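Now for the letters of each chain:
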Amino acid sequence: MVAGETTVNHLRQQQQLILNAIGEGVYGVDLQGHATFVNPAAAQMIGWDPQELLGQSMHQVLHHSHPDHTPYERENCPIYAAFQDGIVHRVCDEVFWRKDGSCFPVEYISTPIRDDQGELVGAVVVFRDITQRKWAEALLQRTNEELEHRVRDRTQELEAANKQLQALSELRSRVVTMVCHEFRNPLNNILLSVSSLGRYQDQLTAEQKAAYLLGIQDNVERMTEMIDAILIIGRVEAKGMEVQPRPFDLIPFCHEVIAEVQGGTDPASPQNRIQFTSRHKRLRVNLDQCMVHSIVTNILSNALRYTPAPAAIQLKVSKYQDQVTVQIVDGGIGIPAEDLPYLFEPFHRGRNVSNIAGTGLGLNIVKRFVDLQGGQIEIASQLGKGTVFQVVLPLQYQPAASS
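Per chain, residues are indexed from 1 in the order of the written sequence. In keeping with the model being predicted, local features are shown solely for residues with a pLDDT of at least 70 and side-chain atom pairs are shown and tallied solely at 80 or more, while totals for entire chains, interfaces and linings include all residues. No hydrogens and no water enter the side-chain calculation; it runs on all heavy atoms of the structure.

Let's shift gears to the pattern of salt bridges. A pair is scored as a salt bridge if a Lys or Arg side-chain nitrogen falls within 4 Å of a carboxyl oxygen belonging to Asp or Glu. One pass over the full model with this rule turns up 8 salt bridges. In this structure, the salt-bridge partner of E24 is R128, at a minimum N-O distance of 2.0 Å. Residue E24 is located in the loop between α1 (2–21) and β1 (25–30), and its partner R128 is located in strand β5 (residues 120–129); the two are separated by 104 residues in the primary sequence. For the salt bridge of E107 with R128, the shortest nitrogen-to-oxygen distance reads 2.4 Å. Taken as a pair, E107 in strand β4 (residues 103–114) and R128 in strand β5 lie far apart in primary sequence, 21 residues in all. What makes R128 partly exposed here is its relative accessible area of 34%. A network of salt bridges, in which partner residues are shared, links E24, E107, R128, R133 and E137. Secondary structure follows DSSP: runs of H or I at least 4 residues long count as helices, runs of E at least 2 residues long count as strands, and numbering of each begins at the N terminus. Between buried and exposed lies partly exposed: a residue is buried under 20% and exposed over 50% of the maximum accessible area for its type, with that area taken using a 1.4 Å probe on protein chains only.

Following this line, the structure appears as structure tokens:
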């Protein structure tokens, strides 16, 4: 008997040593849910002394509430269910409460205990603090969400870039097609003129020869103008053209442009169809002079081209606050309403231009130069009565803030 008791005591000591050495929390409860043993790891995790817990209701000690502090009813407790239904219960999404009132996430397993006769006498609970794992899972989830957000943003950027490339490709295809078409007429005219000069040079008068040569020159200039316009559009599309502002006086600038457009005619001459008005004697601006020159020149040239002589064209310049407005009014053939939405597209020309010369690129360049300088352009037109172009530009060019 003494030997048997020694063996039992030895086994109990070994069992206690094992329980004390386990890093996970382990405790046992009887059929009333009172603690029968608690290992040091379990007591340490919930902030109690092991001896204080013996005989206490463990549900009331560490499992009394849900994470939101609502009561956790004992009859719903999986730990207690183990010694009632004799089934092992595993839980991985609840919390245990410490003595100081704080809680921590746990996973646990509640295993029923039976005596030698197979009767339920309690349960043993093994649990572990999964705070670090929850933190890692949350970090992983947050990292995945950030990654998904970045991937989504990058995908949108790539889709936008792809659309831009597709639009640029379509534009280039259209440009190539239109260039071939637009170049065909002047090239045919040049070929016809050269052929006529070669075949009939002895029969042609000096005036006729001069006319043929002048026609060749006009067609070459038209092709050169078209090539220059296409190169400008290409540079703008490729972001290779930057605004280069410098101070200049807009009033004498407009007088010079008028003289240039009219072939050197004195602006004060009665033959001058372009009438300039402004209440400003001086109007200093800080813009890209070359771009402004192209804007005004293109619109004035169109006004002269599509306005039958001797009808006048009005060029008005005004200033309001930090903006300057350039308005060009003609009494020409006007623009059909159906063409207005497409007026700034490359090679688009109004359906009523008939045989009037033009490339359909000038207004596209105008719109690009106005946009590059942070301005706006508006058009109002009536068939047979004329057109009003209004360009609004800042007095001082301000580069767009980089993103």
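The next subject is the sheet that holds β1. If DSSP finds at least two bridges between two strands, the strands pair. The antiparallel open sheet is built from 5 strands, whose spatial order is β2-β1-β5-β4-β3. Only two strands of the sheet have a single partner each, and these edge strands are β2 (35–38) and β3 (89–97). Going across the sheet, the axis of each strand differs from the next one's by a mean of 30 degrees, ignoring polarity. Inspection of the sheet shows β1 paired to β5 by 6 bridges, in the antiparallel sense. Each residue of the ladder has a partner; that of G25, found in β5, is F127. Should any heavy atoms of two residues lie within 4.5 Å, those residues are considered in contact. Throughout, an axis means a line fitted to C-alpha atoms (over the contacting stretch in the case of helices), and angles, computed between N-to-C directions, take values from 0 to 180 degrees. Along the sheet, helix α5 (residues 78–85) contacts β1, β3, β4 and β5; its crossing angle with β5, the most-contacted strand, is approximately 150 degrees.

Turning to the side chain of Q373, a few remarks are in order. Tracing the backbone shows Q373 in the loop between α10 (362–372) and β11 (376–382). Apart from the residues within four sequence positions on either side, Q373 is in contact with V243, L287, D288, M291, V292, I295, L393, P394 and Y397.

With that settled, the discussion passes to empty space enclosed by the protein. Using a 1 Å grid laid over the protein atoms alone, points where a 1.4 Å probe fits but cannot get out form a cavity; open sets with protein on both sides within 12 Å along at least 5 of 7 lines form a pocket; any residue with an atom within 4 Å of a point counts as lining. Grid points are joined across faces, edges and corners, and a volume is the space filled by probe spheres set on the points. Within the structure shown, the criterion is met by 1 cavity of 30 Å³ or more. Here the largest cavity defines a volume of roughly 30 Å³. Contributing to the lining of the largest cavity are I295, V296, I299, V326, I328, F389 and V391. At the level of secondary structure, the elements contributing two or more residues to the lining of the largest cavity comprise α9 (289–306), β10 (323–329) and β12 (386–394). If one sorts the elements of the lining of the largest cavity by residue count, α9 sits on top with 3 residues.

The spatial distance from the C-alpha of R128 to the C-alpha of E24 is 5.3 Å, given a sequence separation of 104 residues. If sequence neighbours within four positions are ignored, R128 has contacts with E24, P105, V106 and E107. Polar contacts, as counted here, are pairs of nitrogen or oxygen atoms within 3.5 Å of one another; within protein the pair requires one atom able to donate a hydrogen and one able to accept it, and residues that are adjacent in sequence qualify only if both atoms are side-chain atoms. Polar side-chain contacts of R128 include one of 2.4 Å to the side chain of E107.

What follows is about α10. Taken across its 11 residues, α10 has 8 buried, putting it largely inside the fold. Regarding α10, the residues found buried are G362, L363, N364, I365, V366, R368, F369 and V370. Among the residues trailing α10, G374 stands out with phi positive, at a value near 75 degrees.

Before going further, it helps to spend a moment on the nonpolar core. Ranked by internal contacts, the top residues of the largest apolar core, which has 42 residues, are L250, L300, L315 and V317. In terms of residue count, α9 provides more of this core than any other element does, 8 residues in total. Every residue in contact with L300, bar those within four places of it in the chain, is listed here: V257, I258, V261, I274, I313, L315 and I328. We call a set of buried residues a nonpolar core when its members are Ala, Val, Leu, Ile, Met, Phe, Trp, Tyr or Cys and they connect through side-chain atoms within 4.5 Å of each other. Core analysis: the next-biggest nonpolar cluster, separate from the first, contains 26 residues, L53, V61, Y80 and A82 among them.

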